[in-house]
Amino acid sequence: MARLVLVHGAFGGTWCWDRVVPELAAAGHAVETVTLPGARGDDTPVAEVSLDAYAERICETLAGGPPAILAGHSMGGMAITQAAARSPEHVQALAYVAAFLPQDGQSLGDLVALPEGAGDQVQANLVVQDDSPVAILPAAAAPEVLFHCCADADARWAAGMLVAQPLAPFGQPMRVPAESAAAFAALPRAYISCLQDRAILPALQRRMCETAGCDPVIEIDTDHSPWLSRTNELVGALNRIGGGV
């Protein structure tokens, strides 16, 4: 069994893993979650929230135990990639759950601007008020954008849990330090692709997987939030990546 460190995405928090953690623990894994700076439950000032701050928080968690499988959902893919680039010695493998998977020098904004990303519903519904450093995904739009395969009550609950997202990490590129480039490049990468995703379109997921050489690529026929809509299938996929099957 493996040590699994789980990282949430934009607008979210560790609550998104609430159904996943006990199932993975029951399978014998050591499971930890990371609250990213500025997320629900963290009081980091917006001005201090950055991709580097995300990576620093994750690296602090990784340093507290043996090398881990580092799994990120959605924007969490940006964060785990930057963390792994800094501290590959603490990472056993990377697992992307319907997540952004950047190459050196790419930002989240660069990825959503690719042709395969055109038409995603997060960008279509994102609300930035004036020159605010944060954006929101309105609760009225979120069920159709993120949770359309979930039970109605679950979708409403999750939509109500979303918080404002600092914008700075969206535009900041992932960078690979020269001294860790070889070790970072050697890390195994797995991808869990969601085939009905309206936030990171399946075509963009495929492009990122192919560019990064992910293996395995595990497909789940669901929306952007498999931790809620297809919990058992997501647990099975992570268990497979963690060596449980």
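**Q** Got a sec to walk through the environment of A47? Specific residues and values, please.
**A** Take A47: it is sitting in the loop between β2 (30-34) and α2 (51-62). Placed 121 residues apart in sequence, A47 and A168 show a C-alpha to C-alpha distance of 8.5 Å.

**Q** Summarise the packing of α2 against helix α3 (residues 76-86); cite the residues concerned and give the values.
**A** Their axes nearest at 8 Å, the elements α2 and α3 cross at an angle of 65°. The orientation of α2 relative to α3 falls into the category roughly perpendicular. Two packed elements cross with a definite hand, and for α2 against α3 that hand is right-handed. From α2, L51, D52, Y54, A55, E56, I58 and C59 reach across to α3, where they touch M78, A79, I80, Q82, A83 and R86. When its residues are assigned to classes, the contact of α2 with α3 shows nine nonpolar, one polar and three charged.

**Q** Let's hear about the sheet that holds strand β8 (residues 217-220): which residues, and what values?
**A** The strand order across the open sheet formed by six strands is β2-β1-β3-β4-β7-β8, and the pairing between neighbours is parallel. Single-partner strands in this sheet number two, and they are β2 and β8. If you compare each strand with its neighbour and ignore which way they point, the axes differ by 20° on average. Sitting on the sheet, α2 is in contact with β1 (3-7), β2, β3 (68-73) and β4 (91-97), with an inclination near 160° to β1. Across the face of the sheet, α3 comes into contact with β1, β3 and β4 while running at roughly 150° to β3.

**Q** Got a sec to walk through the nonpolar core? Specific residues and values, please.
**A** In terms of nonpolar packing, the biggest core is built from 81 residues, with V20, I58, L70, L94, F100, F147 and L234 touching the most fellow members. For L70, the residues in contact, after removing those within four places along its chain, are V5, V7, I58, L62, I80, A83, V91, A93, L94 and A95.

**Q** Any chance you could break down α3 for me, citing the residues and the numbers?
**A** Think of an α-helix as turning once every 3.6 residues; residues three or four places apart then point the same way. Where burial is concerned, most of α3 is hidden: ten out of the eleven residues are buried. Every buried residue belonging to α3 is among G76, G77, M78, A79, I80, T81, Q82, A83, A84 and A85, and all of these are buried. The secondary structure elements touched by the buried residues of α3 are β1, α2, β3, β4, α4 (108-112) and α9 (181-185).

**Q** For the environment of T211, give the residues involved together with the corresponding values.
**A** Within the secondary structure, T211 is located in helix α10 (residues 202-212). A sequence separation of 108 residues divides T211 from Q103, and the C-alpha atoms of the two residues are 8.3 Å apart. One polar contact links the side chain of T211 to the main-chain carbonyl oxygen of R207, over a distance of 2.9 Å.

**Q** Mind laying out the packing of aromatic side chains, listing which residues take part and the relevant values?
**A** The tally for this structure, following the rule as stated, stands at four aromatic pairs. Both rings, one in Y96 and one in Y191, keep their centres 6.2 Å apart while their planes meet at 10°; by these two values the pair is stacked. Here Y96 is found in strand β4, whereas its partner Y191 is found in strand β7 (residues 189-194), with 95 residues between them in sequence. Each member of the pair, Y96 as well as Y191, is classed as buried. Between F147 and W227, the ring centres sit 6.1 Å apart and the planes meet at 75°, which makes this aromatic pair edge-to-face. Note that F147 is positioned in the loop between α6 (142-146) and α7 (152-161) and W227 in helix α11 (residues 226-229), a separation of 80 residues in sequence. Aromatic rings pair up to connect W15, F147, W157 and W227 into one cluster. The ring of F184 has R189 lying over it, and the distance from NZ or CZ to the ring centre is 4.6 Å.

**Q** Give a detailed account of unusual backbone geometry, specifying residues and quantitative values.
**A** With omega at 5°, the peptide bond leading from D215 into P216 counts as cis. For F11, which is not glycine, the phi dihedral falls at a positive 70°. In this structure, F11 sits in the loop between β1 and α1 (20-26). On the basis of relative accessibility, which here comes to 5%, the residue F11 falls in the buried class. Although it is not a glycine, S74 sits at a positive phi angle of roughly 55°. Following the sequence through the fold, S74 ends up in the loop between β3 and α3.

**Q** Quick one: what's the story with α2, residue by residue and with numbers?
**A** In this model, α2 (twelve residues) spans 16 Å end to end at C-alpha, consistent with the 16 Å of a helix rising 1.5 Å per residue. For α2, the set of buried residues is L51, A53, Y54, A55, I58, C59, T61 and L62.

About the thresholds
Residues numbered from 1 in each chain as written. Predicted model: local features only at pLDDT ≥ 70, side-chain atom pairs only at ≥ 80, totals over all residues. Heavy atoms only, no water. Helix = DSSP H or I, 4+ residues; strand = E, 2+ residues; numbered from the N terminus. Axes fitted to C-alpha atoms, helices over the stretch in contact; angles between N-to-C directions. Parallel < 35°, antiparallel > 145°, perpendicular 65-115°, else oblique. Left-handed = near helix turned anticlockwise from the far one by under 90°. Contact = heavy atoms within 4.5 Å. Nonpolar A, V, L, I, M, F, W, Y, C, P; charged D, E, K, R; others polar. Pairing = 2+ DSSP bridges. Core = buried A, V, L, I, M, F, W, Y, C linked by side-chain atoms within 4.5 Å. Buried < 20%, exposed > 50% of the residue type's maximum accessible area, 1.4 Å probe, protein only. Polar contact = N/O pair within 3.5 Å; in protein donor to acceptor, adjacent residues only side chain to side chain. Phe/Tyr/Trp six-rings, centres within 6.5 Å; stacked < 30°, edge-to-face > 60°. Lys NZ or Arg CZ within 6 Å of the ring centre and 35° of its normal. Expected span 1.5 Å × (residues − 1).

Keep in mind that these numbers describe shape and distance, not what the molecule does.
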